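# Structural features, examined
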Amino acid sequence: MEPEPPANPWLSWSYVQDNSSEILRALGQHTSLTVLAVLIAVLVAVPLAALAHLRPRLAGPLLGTTGVLYTIPSLALFAVVYPLLRDRRSTVLLGLVLYALLLVVRNTLVGLRGVDPDVTDAARGLGYSRARTLFTVELPNALPSVLTGVRLATVSTVALATVGVVIGYGGLGQLMVRGLGSGYRAQIMTATLLCLALALVLDLLLTLLGRALTPWARGR
Amino acid sequence: MDDVSAAVVWLNDPWNWTRGGGILDRTVEHLTMTLVAVLLAALVALPLGVWLGHREQGSTTGRRPRIQAGPAAVLAANVSRALPTFALLTIFATTGVGFGNRPTVLAAAIFALPVILANTYAGVRGVPPDVRDAARGMGMSGLRVLTSVELPLALPLVAAGLRTAAVQVVATIPLAALVGGGGLGTVVVQGFGLQRYGQVIAGGILIAVLCLLLEGVLAVAQRVVTPRPLRGVRVA
């Protein structure tokens, strides 16, 4: 009698149970990469965008540079950076930060430019300095737009982190590669669904954060 | 720094360019795959976008259809942002699609689709209703209005969509090398396999240059196909 071909389901709970430690490790790696990359990107991008807002001549070059960086594929970037850094985690992190930069810079700048001129005029009329206007009037008003940028950046970072597999540090991407190597579908599908779930959860958390940070916008 | 000089040496070796499976072969393959993927996506997205935009277009008379495609397109774009291309690639590779170039082209096309669709839709839909009514009033047939009024006016946005899609696809194709396919990504992946980091850097540079070149060429092309009176108009 012919032996039955081994089952190769797309979803398998027993796979998840038997490999929970490996899956959790990959998920943890993926999450920490994403969160750290977006955090660094925000810390770099918001001051840059604020600076470009104060000195409009800097806006063109800033958007141009981040745009060029964004055009370079992640695989190419990892390939150039890894041999120089020789550290998997920092290479992937650097790449992810660079890609998140553009989205946050652009949205922050759009938000700052979109602040109602009457509001900034009122601040000036109250005798606010330029810096004080920026910190207490413009940036809070631009917050929704900044947050949109951060959400976009977070979701794309979750997806992009998988490319880290090219240097063996791709979080959930590692599971996909292993599943590909052995032709085991459940591993690939589990990793894919976890990616989507991670993006969804982080997006939700950021939405909640946005609501908490902008109490004035809630009633609308 | 040894790796950087190794990269320079590798790039300056004519053999690496001209041999079978060398840089030139890989570049041609890369661009062919890009073209096929963009064409595949455009084949679906262009007619669909024109139809949806045309259907929902504002007219000074008549009603709009109740179901609007805009939110659906936005949703598709958002989901496609969260789904890793690499995940789709590995899923395809373990199904009947097989390993290599085919799953990559297919995945790249799927991710390019919403980009082209959203821009085409917005372009056709955004044609001012007055212009459309004027064309109708001149006695143009529906088809004529579409081809000689709506499409030319939508062209800048459509071209922008195709350009964005092409640049995105050319940047996605390197992933083919991870599932046993071709394209310039193979230079990088082979280099990692052999631990020849000079070759890895060289491959990275080649891919980056190809993407930036394509972006530049397409930016010029987009300007050329935009009707002169519309050139000053900013598109996203």
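Reading guide: rules and limits
- Residues numbered from 1 in each chain as written.
- Chains lettered and ligands numbered in written order.
- Predicted model: local features only at pLDDT ≥ 70, side-chain atom pairs only at ≥ 80, totals over all residues.
- Heavy atoms only, no water.
- Helix = DSSP H or I, 4+ residues; strand = E, 2+ residues; numbered from the N terminus.
- Rg over C-alpha atoms; globule rule 2.2 N^0.38 Å.
- Buried < 20%, exposed > 50% of the residue type's maximum accessible area, 1.4 Å probe, protein only.
- Contact = heavy atoms within 4.5 Å.
- Lys, Arg positive; Asp, Glu negative; His and termini not counted.
- Charge placed at Lys NZ, Arg CZ, Asp CG, Glu CD.
- Salt bridge = Lys/Arg side-chain N within 4 Å of Asp/Glu carboxyl O.
- Phe/Tyr/Trp six-rings, centres within 6.5 Å; stacked < 30°, edge-to-face > 60°.
- UniProt positions renumbered as here; feature names shortened; annotations may be inferred.
- Patch = residues over 30% accessible without salt bridge, like charges linked within 9 Å, V, L, I, M, F, W, Y side chains within 5 Å.
- Areas by Shrake-Rupley, 256 points an atom, 1.4 Å probe, with all protein chains shown as cover.
- 1 Å grid on protein atoms, 1.4 Å probe; cavity = no way out; pocket = protein on both sides within 12 Å on 5 of 7 lines; lining within 4 Å.
- Points joined across faces, edges and corners; volume = space filled by probe spheres on them.
- Nonpolar A, V, L, I, M, F, W, Y, C, P; charged D, E, K, R; others polar.
- Buried area = accessible area lost by both parts, 1.4 Å probe.
- Polar contact = N/O pair within 3.5 Å; in protein donor to acceptor, adjacent residues only side chain to side chain.

### Some words on the overall build of chain A
Assigned secondary structure in chain A consists of 9 helices and 0 strands. The linear arrangement of helices and strands in chain A, starting from the amino end, is α-α-α-α-α-α-α-α-α. Taken against the 2.2 N^0.38 rule, which gives 17 Å for 220 residues, the C-alpha radius of gyration of chain A at 22 Å runs more than 25% over that of a compact globule. Here the C-alpha coordinates of chain A stretch approximately 90 × 45 × 20 Å along the principal axes. Residues classed as buried in chain A amount to 47% of the 220 residues present. Long-range contacts, defined as pairs at least 24 residues apart, comprise 75% of the intrachain contacts of chain A with a sequence gap of at least 6. Positive and negative side-chain charges of chain A, numbering 17 and 10 respectively, have mean locations separated by a distance of 11 Å.

### What about the pattern of salt bridges?
Counted under the stated rule, the structure contains 7 salt bridges over all chains. A salt bridge links Arg86(A) to Asp3(B), with the nearest nitrogen and oxygen atoms 2.9 Å apart. You can see Arg86(A) sitting in the loop between helix H4 (74-85) and helix H5 (88-113) and its partner Asp3(B) sitting in helix H1 (residues 2-11), one on each of two chains. In this structure Arg86(A) comes out as partly exposed when scored by relative accessible area, which is 43%. Here Glu29(B) makes a salt bridge to Arg26(B), at a shortest N to O gap of 3.0 Å. With Glu29(B) and Arg26(B) both in helix H3 (residues 23-56) and 3 residues apart, the pair spans about one turn of that helix. Overall, the relative accessible area of 23% leaves Glu29(B) in the partly exposed class.

### Re the packing of aromatic side chains
One pass over the full model with this rule turns up 5 aromatic pairs over all chains. Ring geometry for Tyr82(A) and Tyr197(B): centres 5.8 Å apart, planes at 65 degrees, overall edge-to-face. Of this pair, Tyr82(A) sits in helix H4 while Tyr197(B) sits in helix H10 (residues 197-225), placing the two residues on different chains. Residue classification places Tyr82(A) among the buried residues on the basis of a relative accessible area of 8%. Judged by relative accessible area, Tyr197(B) falls into the buried class, the value being 12%.

### Observations concerning the UniProt feature "domain: ABC transmembrane type-1" (unreviewed entry) in chain A
Mapped onto this numbering, the UniProt entry gives "domain: ABC transmembrane type-1" (unreviewed entry) at residues 27-206 of chain A. Split by type, residues 27-206 of chain A is 84% helix and 0% strand. Its first and last C-alpha atoms lie 19 Å apart.

### A look at a nonpolar patch on the surface
A contiguous nonpolar patch, built from Leu36(A), Ile40(A), Leu43(A), Val44(A) and Leu48(A) and spanning about 390 Å² of accessible area, is present on the exposed surface. In this structure, Leu43(A) sits in helix H2 (residues 20-54).

### Focus: the environment of Ile40(A)
Residues and elements named next belong to chain A. Looking at where Ile40 falls in the secondary structure, it is placed in helix H2. Sequence-wise, Ile40 and Ile72 are 32 residues apart; in three dimensions their C-alpha atoms are separated by 20 Å. Dropping the residues within four chain positions of it, Ile40 is found in contact with Leu93 and Val97.

### Describing the UniProt feature "transmembrane region" (unreviewed entry) in chain A
Here, the residues flagged by UniProt with the feature "transmembrane region" (unreviewed entry) are residues 33-55, 67-85, 92-109, 152-172 and 193-213 of chain A. Helix makes up 89% of residues 67-85 of chain A and strand 0%, and the two end C-alpha atoms of the span are 23 Å apart.

### So, the layout of surface pockets
All names here are of chain A. What the second largest pocket holds in volume is close to 380 Å³. Every residue lining the second largest pocket is counted, 17 residues in all, and those nearest its centre are Leu39, Val42, Val150, Leu206 and Leu209. For the lining of the second largest pocket, the secondary structure elements donating two or more residues are H2, helix H7 (130-160) and helix H9 (185-213). In terms of residue class, the lining of the second largest pocket is made up of 15 nonpolar, 2 polar and no charged.

### Things to note about empty space enclosed by the protein
All names here are of chain B. Under the criterion given, the structure shown has 1 cavity of 30 Å³ or more. As for the largest cavity, its lining consists of Trp10, Asn16, Arg19, Gly21, Gly22, Ile23, Arg26, Thr186, Val187, Gln190 and Gln199. When residues of the lining of the largest cavity are traced back to their parent elements, those giving at least two are H3 and helix H9 (185-194). Counting residues per element, the lining of the largest cavity draws most heavily on H9, at 3 residues.

### Regarding the interface of chain B and chain A
Between chain B and chain A, the residue contacts involve 35 residues of the former and 36 residues of the latter. Carbon and sulfur atoms make up 83% of the area that chain B and chain A hide from each other, which totals about 2900 Å². It is Arg81(B), Phe86(B) and Thr94(B) in chain B that bury the most area against chain A; as a group they hold 21% of the surface buried on that side. Summed over the shared surface of chain B and chain A, the number is 1 salt bridge. If you look at where chain B meets chain A, you find 2 residue pairs in polar contact (both at pLDDT 80 or more). Elements with a contribution of two residues or more to the side of chain B that touches chain A: H1, helix H4 (70-82), helix H5 (85-93), helix H8 (142-172), H9 and H10 of chain B. For the side of chain B that touches chain A, the class distribution of residues is 27 nonpolar, 5 polar and 3 charged.

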